[in-house]
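Residue strings, one per chain:
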Amino acid sequence: MQKKIKILQRPRRNRKNAAIRSLVRETRLAAADFVMPLFVIEGDRKRQAVISMPGIEKLSIDLLVKEAKEVYQLGIPAVALFPNLGNALKDKTASESTNSKGLMQRCIQALKQTVPELLVITDVAMDPYSSDGHDGVVKKGKIHNDETLPILAAMAVSQAKAGADIVAPSDMMDGRVGYIREALDNEGFLDVGILAYTAKYCSAFYGPFRDALGSAPRSGDKKSYQMDPANVREAIREARLDVEEGADMIMVKPAHTYLDVIKVLKAVVDVPVAAYHVSGEYAMIKAAAEKGWLDEERAVEEVLTAIKRAGADIIFSYFAKDFARRIHARRC
Ligand code: PBG
């Protein structure tokens, strides 16, 4: 017979079945935690697959509206819009970004007319509109910070006029949050919020997104404005500045590879912290699952839980819709 062993603390008791695990679970994901990013294109009844993001399609406005309704019905409170423009509309100053009849503006209006309760978050950055594929004005190979700010502010105001609820500067120029806040306030958009992409790292994981939008830099890289993946104290500095300048929420991006940054920023600010599970992080899981190397559903749940456990209040993820569907289908 096995000798009796005296163990007073047996943590496994709290794991012995699904009910008790549910009772003691510390982190729970809900549809309400998510923002669904959506890619939009011109046209009617048009959908275009994003090759490097299996399951994700670029949608024309009519289909965007249908998709947004489904997203909202699943309990996801917000979408983030990203326009895919033809090269003919791109120039050095992103002038299409302030066209009141531009693709982005028409998308916002259509969503606000048809699903008014759904929050519309818009990206404020030059890259989808820029012939240089950069987030700032490029002159002789350099990114000009202060010349970029009025362009970003005009873009944000134009999106607010179209009905955007929250503008999300993702450009990483210095001083942009304060500059955009002032421009919005001057135009009377006191209720339009700013979600600052505060700690946006210069990451290889944006690759599939840039494929989707054709927005990769035509020359050079984004290292002079996006953050060095090696740094975390610098993220604290960025967070402090963004909050001082009036950010209503801040973001860490990417998410999975930057859980430590999420955790640190959550501790040092008193505004909500978002995390963006980006295109390459989505593609990695999809690709491994397609090969049969990972169980997609389990991997997705684990990663998204980790992002929330690290401290994210809001999660941008291309898995949001699928995942919300699964949450609704189960008991605990
Ligand atoms: C634009 C922007 C990018 C992403 C969101 N907004 C790309 C970039 O900075 O190059 C990436 C999102 C993703 O990879 O899912 N400034």
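Residues numbered from 1 in each chain as written. Predicted model: local features only at pLDDT ≥ 70, side-chain atom pairs only at ≥ 80, totals over all residues. Heavy atoms only, no water.

1. Remarks on the overall build of the chain
Here is step 1 of the chain: Helix and strand content of the chain: 11 helices and 12 strands.
Here is step 2 of the chain: At 21 Å, the chain has a C-alpha radius of gyration in line with the 20 Å of a compact globule built from 332 residues.
Here is step 3 of the chain: Projected onto the principal axes, the alpha-carbon positions of the chain cover approximately 80 × 45 × 40 Å.
Here is step 4 of the chain: Within the chain, the proportion of its 332 residues that are buried is 52%.
Here is step 5 of the chain: Put simply, of all contacts in the chain between residues at least 6 apart along the chain, 74% involve residues at least 24 apart.
Here is step 6 of the chain: With an accessible surface of roughly 16,200 Å², the chain has 51% of that area assigned to carbon and sulfur atoms. (Helix = DSSP H or I, 4+ residues; strand = E, 2+ residues; numbered from the N terminus. Rg over C-alpha atoms; globule rule 2.2 N^0.38 Å. Buried < 20%, exposed > 50% of the residue type's maximum accessible area, 1.4 Å probe, protein only. Contact = heavy atoms within 4.5 Å. Areas by Shrake-Rupley, 256 points an atom, 1.4 Å probe, with all protein chains shown as cover.)

2. Looking at the pairing of strand S9 (residues 193-200)
Here is step 1 of the chain: With eight of eight residues buried, S9 is to be regarded as a mostly interior element.
Here is step 2 of the chain: Here strand S8 (residues 166-169) pairs with S9 via two bridges, running parallel. Within S9, the residue paired with Ile166 across the bridge is Gly193.
Here is step 3 of the chain: For the crossover that starts at S8, traverses helix H5 (residues 176-186) and ends in the parallel S9, the hand is right-handed.
Here is step 4 of the chain: As paired elements, S9 and strand S10 (residues 249-253) share five bridges and run parallel to each other. Within S10, the residue paired with Tyr197 across the bridge is Met251. (Pairing = 2+ DSSP bridges. Right-handed = clockwise from strand over helix to strand, strands pointing away.)

3. Structural notes on the site of the ligand
Here is step 1 of the chain: Around the ligand sit 18 residues in total, of which Lys200, Arg210, Lys253, Ser279 and Tyr318 are the nearest.
Here is step 2 of the chain: Measuring from an oxygen atom of the ligand, one finds a side-chain N or O atom of Gln226 at 3.0 Å.
Here is step 3 of the chain: For the ligand, the protein covers 100% of the area, taking 400 Å² as the surface of the free molecule.
Here is step 4 of the chain: Broken down by class, the residue content of the shell around the ligand amounts to eight nonpolar, three polar and seven charged. (Near = heavy atom within 4 Å. Polar contact = N/O pair within 3.5 Å; in protein donor to acceptor, adjacent residues only side chain to side chain. Nonpolar A, V, L, I, M, F, W, Y, C, P; charged D, E, K, R; others polar.)

4. Here's the deal with the pairing of strand S11 (residues 273-277)
Here is step 1 of the chain: With five of five residues buried, S11 is to be regarded as a mostly interior element.
Here is step 2 of the chain: By the alternation rule, side chains of S11 split into Val273, Ala275 and His277 and Ala274 and Tyr276, which are all buried.
Here is step 3 of the chain: Relative to S11, S10 is paired through three bridges, and the arrangement is parallel. Across the sheet, residue Val252 finds its bridge partner in S11, namely Ala275.
Here is step 4 of the chain: Considered for its hand, the β-α-β crossover made up of S10, helix H8 (residues 259-268) and S11 is right-handed.
Here is step 5 of the chain: Across four bridges, the pairing between S11 and strand S12 (residues 314-317) is parallel. For Tyr276, the partnering residue across the bridge sits in S12 and is Phe316.

5. Observations regarding the packing of H8 against helix H10 (residues 296-310)
Here is step 1 of the chain: Between H8 and H10, whose axes approach to 8 Å, the crossing angle comes to 30°. Taken together, H8 and H10 sit at an angle that is classed as roughly parallel. Here H8 contributes Leu259, Ile262 and Lys263 to the contact with H10, which in turn contributes Ala306, Ile307 and Ala310. (Axes fitted to C-alpha atoms, helices over the stretch in contact; angles between N-to-C directions. Parallel < 35°, antiparallel > 145°, perpendicular 65-115°, else oblique.)

6. Overview of the nonpolar core
Here is step 1 of the chain: Grouped together as the largest cluster of nonpolar side chains are 108 residues, with contacts concentrated most on Phe39, Leu81, Leu184 and Phe316.
Here is step 2 of the chain: For this core, the element with the most residues is helix H4 (residues 145-162), which contributes nine residues.
Here is step 3 of the chain: Residues within four places of Phe316 in sequence aside, it is in contact with Val35, Ala80, Ile121, Leu195, Tyr197, Met251, Ala274, Ala275, Tyr276 and His277. (Core = buried A, V, L, I, M, F, W, Y, C linked by side-chain atoms within 4.5 Å.)

7. Section: H8
Residue pairs three or four apart in sequence face the same way in an α-helix, which turns once every 3.6 residues.
Here is step 1 of the chain: Buried within H8 we find Val261, Ile262 and Leu265. Taken down its axis, H8 places every buried residue within 100° of arc, on the same side. For H8, the exposed residues set more than 90 degrees away from the buried face come down to Lys263 and Ala267. (Arc of directions from axis to C-beta.)

8. Describing the packing of aromatic side chains
Here is step 1 of the chain: Inspection of every chain in the model, using the stated rule, returns 12 aromatic pairs.
Here is step 2 of the chain: The interplanar angle of 50° and the centroid separation of 6.2 Å between the aromatic rings of Phe39 and Phe82 together place this pair among those described as tilted. In this pair, Phe39 sits in strand S1 (residues 34-40) while Phe82 sits in strand S4 (residues 78-83), placing the two residues 43 residues apart along the sequence. Both residues of the pair, Phe39 and Phe82, belong to the buried class.
Here is step 3 of the chain: Between Tyr201 and Tyr258, the aromatic rings sit 4.3 Å apart at their centres with planes inclined by 20°, giving stacked as the arrangement. Note that Tyr201 is positioned in the loop between S9 and helix H6 (207-213) and Tyr258 in the loop between S10 and H8, a separation of 57 residues in sequence. (Phe/Tyr/Trp six-rings, centres within 6.5 Å; stacked < 30°, edge-to-face > 60°.)

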